[in-house]
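Commentary on secondary and tertiary structure
Below, each chain spelled out in residue letters.
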Amino acid sequence: MAAPRQACPASISRPCVWQQPGGEGIVGGARIDAADRAQPVLLRVEVRIQKAWGSPWQTVASSTLVTSGTATVTTPAVRTDYRTMVCATGGPADHPELHATSCTF
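Residues numbered from 1 in each chain as written. Predicted model: local features only at pLDDT ≥ 70, side-chain atom pairs only at ≥ 80, totals over all residues. Heavy atoms only, no water.

This part takes up the pattern of salt bridges. All told, the structure shown has 3 salt bridges when counted by the stated rule. In this structure, D33 and R31 form a salt bridge, with 3.7 Å as the shortest nitrogen-oxygen distance. Exposure remark for D33: the relative accessible area of 11% places this residue in the buried category. For R48, the salt bridge is made with E46, and the minimal N-O distance between the two is 2.6 Å. Residues joined by salt bridges that share partners form a network here, namely R44, E46 and R48. (Salt bridge = Lys/Arg side-chain N within 4 Å of Asp/Glu carboxyl O. Buried < 20%, exposed > 50% of the residue type's maximum accessible area, 1.4 Å probe, protein only.)

So this is what it looks like as structure tokens:
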């Protein structure tokens, strides 16, 4: 399966997140840009499902990457009939207190 198309521009230290349905299931993707190209950034993207309205969200697929500059990561495809949300958390790898999370339904 091809990587998901980027649906939004990355921004400095705030992840752009998207999901793409396909024949093999839903793939979550995210991208983040570091303020300094030499700065290591951490990016984690998760596909979450909710089995019943009001029940907790469960992570069913995730991928994490630490790299310098710009990071783009996708999850494995997930087949599900449940409500789906994709969330990405990222920011400077050495400053977890500066990480931001973005989600999309």
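Having seen the structure, we can now continue with the description.
The next thing to look at is the state of the cysteines. This model, assessed by the stated rule, comprises 1 disulfide. Sulfur-sulfur distance for the disulfide between C87 and C103 comes to 2.0 Å. Here the S-S torsion is close to 110°, and the disulfide linking C87 with C103 is therefore right-handed. Of this pair, C87 sits in strand β6 (residues 83–92) while C103 sits in strand β7 (residues 100–104), and the two are 16 residues apart along the sequence. We classify C87 as buried; its relative accessible area is 1%. (Disulfide = S-S within 2.5 Å. Helix = DSSP H or I, 4+ residues; strand = E, 2+ residues; numbered from the N terminus.)

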